[in-house]
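# Fold and contact review
So the chains spell out like this:
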Amino acid sequence: MSFLQKIAQRLLLVVQFILVFLFILFEEIIWEGIAKPIYQKVQSLRILQNLQTKIEKFHRYVVLVLFSILLLGVEGAGLVAGVFFVQGKVILGTVLYVAKIPIAAFTFWLFKVARDKLLSFRWFAWSYYRLMEGIDWLQSRTIYKRTLEMLFNMKVKTKKIFKEIKEKYFAKDSRFISELKSFYRYIKNFKNRNNQ
């Protein structure tokens, strides 16, 4: 194996790791933790059930324009949030990123409702299926499986540590809680004595 092939393999490995890390970060933290509950809430709204029947009557070009505007808006907000993060404006970036999540959830809902109409465009269907193949390829990589396993083990260990801390310090009959309560009573009594 030549020197250039070794460098190419290492670069490919680094790119795979970055893609896997970003995908897992999105899937595990952003999607599972934040976006999915919002998506389920959006999906259960009664007003959207009425809107669904109207969307099903829309022409496919109207659906495509509506979906494209929403998707571009969501992705644009994500890019702007990323720029804010890079500039050190973390709070502003976080607020913008969190604010875009309900719109993204609505966009996912719209895709689900109008999927057949959107996939009736050949270029859209081609792009969608290439994206799904890319995700499948990423999930089939050994690095993805190892990283997911490592994150799962970290999650289990972290939960165990938090459980031990909770049981040791925050149980109702723990010494820490009883001392905290007695300190609170002392402060409260001290304040009452000074007010009299």
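Note that this is a predicted model, so its numbers are computed, not measured.

## As for helix 4 (residues 90-113)
The end-to-end C-alpha separation of helix 4 is 35 Å, in line with the 34 Å expected for 24 residues at 1.5 Å each. Every buried residue of helix 4 is listed here: Gly93, Lys100, Ile101, Ala104, Ala105, Thr107, Trp109, Leu110, Phe111 and Val113.

## Section: the packing of aromatic side chains
Within this structure, the stated rule accounts for nine aromatic pairs. Arranged with centres 5.7 Å apart and planes meeting at 75°, the rings of tryptophan 123 and phenylalanine 124 form a pair that is edge-to-face. According to the relative accessible area criterion, phenylalanine 124 is buried, its value standing at 11%. Here the aromatic cluster, defined as three or more aromatic residues joined through ring pairs, consists of Tyr61, Phe67, Phe111, Phe121, Trp123, Phe124, Tyr128 and Tyr129. In this arrangement the basic side chain of arginine 60 is found over the ring face of phenylalanine 121, its NZ or CZ atom lying 4.2 Å from the centre.

## Focus on the pattern of salt bridges
Scanning the model with the defined rule gives one salt bridge in all. In this structure, glutamate 133 and arginine 130 form a salt bridge, with 3.0 Å as the shortest nitrogen-oxygen distance. Of this pair, glutamate 133 and arginine 130 both sit in helix 6 (residues 122-140), three residues apart, which is roughly one turn of that helix.

## Structural notes on the packing of helix 2 (residues 46-57) against helix 4
The contact between helix 2 and helix 4 brings their axes to 10 Å, and the two run at 45°. Of the possible angle classes, the one that applies to helix 2 and helix 4 is oblique. Between helix 2 and helix 4 lies a crossing whose hand is right-handed. When helix 2 is examined against helix 4, the residues Leu48, Leu51, Gln52 and Ile55 are found in contact with a partner set consisting of Phe106, Trp109, Leu110 and Val113. In the contact of helix 2 with helix 4, the residues fall into seven nonpolar, one polar and no charged.

## Quick word on the environment of aspartate 116
Topologically, aspartate 116 is positioned in helix 5 (residues 115-119). Relative accessible area serves as the criterion here: at 66%, aspartate 116 is assigned to the exposed category.

## A word on the nonpolar core
In a soluble, globular protein the nonpolar side chains are often hidden away together inside. In terms of nonpolar packing, the biggest core is built from 17 residues, with Ile55, Phe67, Trp109, Leu110, Phe111, Leu118 and Phe124 touching the most fellow members. Of all elements in the fold, only helix 2, helix 3 (60-86), helix 4, helix 5 and helix 6 reach the threshold of two or more residues within this core. Ignoring anything within four residues of it in the chain, the contact list for phenylalanine 124 reads Leu64, Phe67, Phe111, Leu118 and Leu119.

## As for the confidence of the model for the protein chain
For the protein chain, the mean per-residue pLDDT works out to 79, and 79% of the residues sit at or above 70. The weakest mean pLDDT in the protein chain belongs to helix 1 (residues 3-44) at 69; the strongest belongs to helix 5 at 91.

## A short note on a nonpolar patch on the surface
Taken together, the side chains of Phe3, Leu4, Ile7 and Leu11 make up a nonpolar region of the molecular surface, amounting to roughly 460 Å² of accessible area. Since its relative accessible area comes to 53%, leucine 11 is described here as exposed.

## A short note on the packing of helix 3 against helix 4
At their nearest, the axes of helix 3 and helix 4 sit 8 Å apart, and the two run at 160° to each other. One finds that helix 3 runs roughly antiparallel with respect to helix 4. The element helix 3 and its partner helix 4 pack so that their crossing is left-handed. Residues that form the contact of helix 3 with helix 4 fall into these classes: 19 nonpolar, four polar and one charged.

## Overview of the side chain of threonine 107
Here threonine 107 is to be found in helix 4. The class for threonine 107 is buried, based on a relative accessible area of 5%. At 2.7 Å, the side chain of threonine 107 forms a polar contact with the backbone oxygen of isoleucine 103. Excluding anything up to four places from it in sequence, threonine 107 contacts Phe67, Leu70, Leu71 and Val74.

Procedures and definitions
- Residues numbered from 1 in each chain as written.
- Predicted model: local features only at pLDDT ≥ 70, side-chain atom pairs only at ≥ 80, totals over all residues.
- Heavy atoms only, no water.
- Helix = DSSP H or I, 4+ residues; strand = E, 2+ residues; numbered from the N terminus.
- Expected span 1.5 Å × (residues − 1).
- Buried < 20%, exposed > 50% of the residue type's maximum accessible area, 1.4 Å probe, protein only.
- Phe/Tyr/Trp six-rings, centres within 6.5 Å; stacked < 30°, edge-to-face > 60°.
- Lys NZ or Arg CZ within 6 Å of the ring centre and 35° of its normal.
- Salt bridge = Lys/Arg side-chain N within 4 Å of Asp/Glu carboxyl O.
- Axes fitted to C-alpha atoms, helices over the stretch in contact; angles between N-to-C directions.
- Parallel < 35°, antiparallel > 145°, perpendicular 65-115°, else oblique.
- Left-handed = near helix turned anticlockwise from the far one by under 90°.
- Contact = heavy atoms within 4.5 Å.
- Nonpolar A, V, L, I, M, F, W, Y, C, P; charged D, E, K, R; others polar.
- Core = buried A, V, L, I, M, F, W, Y, C linked by side-chain atoms within 4.5 Å.
- pLDDT = per-residue confidence, 0-100.
- Patch = residues over 30% accessible without salt bridge, like charges linked within 9 Å, V, L, I, M, F, W, Y side chains within 5 Å.
- Areas by Shrake-Rupley, 256 points an atom, 1.4 Å probe, with all protein chains shown as cover.
- Polar contact = N/O pair within 3.5 Å; in protein donor to acceptor, adjacent residues only side chain to side chain.

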